[in-house]
Amino acid sequence: MDPSNKALTTINRQKFIEFLAQNESAAEFFIRLISRYSNVLDMDFIDQHANRLDWDRLSSNNSLPWSEALIERYADKWRWDGGWHGGLSRNKSLPWSEALLERYADKWSWGELSGNESLPWSEALLERYAGKWDWHKLNRNKSLPWSEALIERFADKWDWVELSGNESLPWS
């Protein structure tokens, strides 16, 4: 970077920090904004600023370096249910696996999970948590492994009107 641009960036950064220090509402807005949308947050930044970040919004940030270690490290801070911004249960960028679902089975919002198309959907997964799923949301989920056998297996759970609108069904 050109030295003058570097100096200008440093000056602007310092002015920005001073501005935030003097304007609490602007600082809170900025924290909410980076928590939800920033694509440059890493474990070090999160560790350093864990007490200032907005965990509701951070839980919905698709750009975080998601890993099971990150989820475990802050398990007590995440917004697991849907909430206003979707929470972990609706976040499509998590490293979804059956093991992750099992590990936090008591924390997930199963209604939000039911609409999440990024889960490792299988008939066995549906069977394992049959009593937890929101079957109305599953009706519309295009990522389920739709087959005649799957539909028949859970025939008593489907909303047939909603199900008929799912374009991913294997119509024949």
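Everything here concerns the structure above.
Residues numbered from 1 in each chain as written. Predicted model: local features only at pLDDT ≥ 70, side-chain atom pairs only at ≥ 80, totals over all residues. Heavy atoms only, no water.

Regarding the overall build of the protein
No. 1: Within the protein, the regular secondary structure consists of twelve helices and zero strands.
No. 2: Start at the N end of the protein and walk to the C end: the helices and strands fall as α-α-α-α-α-α-α-α-α-α-α-α.
No. 3: A buried classification covers 39% of the 172 residues belonging to the protein.
No. 4: Intrachain contacts of the protein at a sequence separation of at least 6 include 44% that bridge at least 24 residues.
No. 5: About 10,200 Å² of surface is accessible on the protein, with carbon and sulfur atoms providing 50% of the total. (Helix = DSSP H or I, 4+ residues; strand = E, 2+ residues; numbered from the N terminus. Buried < 20%, exposed > 50% of the residue type's maximum accessible area, 1.4 Å probe, protein only. Contact = heavy atoms within 4.5 Å. Areas by Shrake-Rupley, 256 points an atom, 1.4 Å probe, with all protein chains shown as cover.)

What to know about the nonpolar core
No. 1: With 40 residues, the main nonpolar core has Trp 78, Trp 108, Trp 133 and Trp 158 as its most contacted residues.
No. 2: Dropping the residues within four chain positions of it, Trp 108 is found in contact with Trp 80, Leu 88, Ser 89, Leu 94, Trp 96, Leu 100, Leu 101 and Leu 113. (Core = buried A, V, L, I, M, F, W, Y, C linked by side-chain atoms within 4.5 Å.)

Quick notes on the side chain of Ser 59
No. 1: In this fold, Ser 59 is placed in the loop between helix 4 (55–58) and helix 5 (68–73).
No. 2: When its relative accessible area of 0% is taken as the criterion, Ser 59 is described as buried.
No. 3: One polar contact links the side chain of Ser 59 to the main-chain amide nitrogen of Arg 79, over a distance of 2.8 Å.
No. 4: Apart from residues lying up to four places away in sequence, Ser 59 is in contact with Trp 66, Trp 78, Arg 79, Gly 87, Leu 88 and Asn 91. (Polar contact = N/O pair within 3.5 Å; in protein donor to acceptor, adjacent residues only side chain to side chain.)

Comments concerning the environment of Leu 113
No. 1: Looking at the element boundaries, Leu 113 is found in helix 8 (residues 110–115).
No. 2: Placed 25 residues apart in sequence, Leu 113 and Leu 88 show a C-alpha to C-alpha distance of 8.9 Å.
No. 3: Sequence-distant contacts of Leu 113, that is, excluding residues within four places in its chain, are made with Ser 89, Trp 96, Leu 101, Trp 108, Leu 119, Trp 121 and Trp 133.

So, the pattern of salt bridges
No. 1: In total, this model carries ten salt bridges according to the counting rule given.
No. 2: A salt bridge links Asp 54 to Arg 57; its shortest N-O distance comes to 2.6 Å.
No. 3: Judged by relative accessible area, Asp 54 falls into the buried class, the value being 15%.
No. 4: On the basis of relative accessibility, which here comes to 21%, the residue Arg 57 falls in the partly exposed class.
No. 5: Through salt bridges that share partners, Asp 56, Arg 79 and Asp 81 make up one connected network. (Salt bridge = Lys/Arg side-chain N within 4 Å of Asp/Glu carboxyl O.)

Digging into the packing of aromatic side chains
No. 1: Evaluation of the coordinates by the stated rule reveals 16 aromatic pairs.
No. 2: Ring geometry for Trp 110 against Tyr 129: centres 4.6 Å apart, planes inclined by 35 degrees, an arrangement best described as tilted. In this pair, Trp 110 sits in helix 8 while Tyr 129 sits in the loop between helix 9 (123–128) and helix 10 (135–140), placing the two residues 19 residues apart along the sequence. Take Trp 110 and Tyr 129: they sit in the same class, and that class is buried.
No. 3: When the centroid spacing of 5.2 Å and the interplanar angle of 50 degrees are considered together, the rings of Trp 146 and Trp 158 count as tilted. Placement of Trp 146 in the loop between helix 10 and helix 11 (148–153) and of Trp 158 in the loop between helix 11 and helix 12 (160–164) is noted, with a sequence separation of twelve residues between them. (Phe/Tyr/Trp six-rings, centres within 6.5 Å; stacked < 30°, edge-to-face > 60°.)

Quick word on the side chain of Asn 116
No. 1: The topology assignment puts Asn 116 in the loop between helix 8 and helix 9.
No. 2: With a relative accessible area of 0%, Asn 116 lands in the buried category.
No. 3: A polar contact of 3.3 Å, which involves the side chain of Asn 116, links it to the backbone oxygen of Asn 91.
No. 4: Beyond its immediate chain neighbours, meaning those up to four positions away, Asn 116 contacts Ser 89, Arg 90, Asn 91, Lys 92, Trp 96, Trp 121 and Asn 141.

So, the environment of Leu 150
No. 1: Counting through the fold element by element, Leu 150 comes out in helix 11.
No. 2: Sequence-wise, Leu 150 and Ser 122 are 28 residues apart; in three dimensions their C-alpha atoms are separated by 9.3 Å.
No. 3: In contact with Leu 150, not counting residues within four places along its chain, are Glu 123, Leu 126, Leu 144, Pro 145 and Trp 158.

These values are about where atoms sit, not about what they do.
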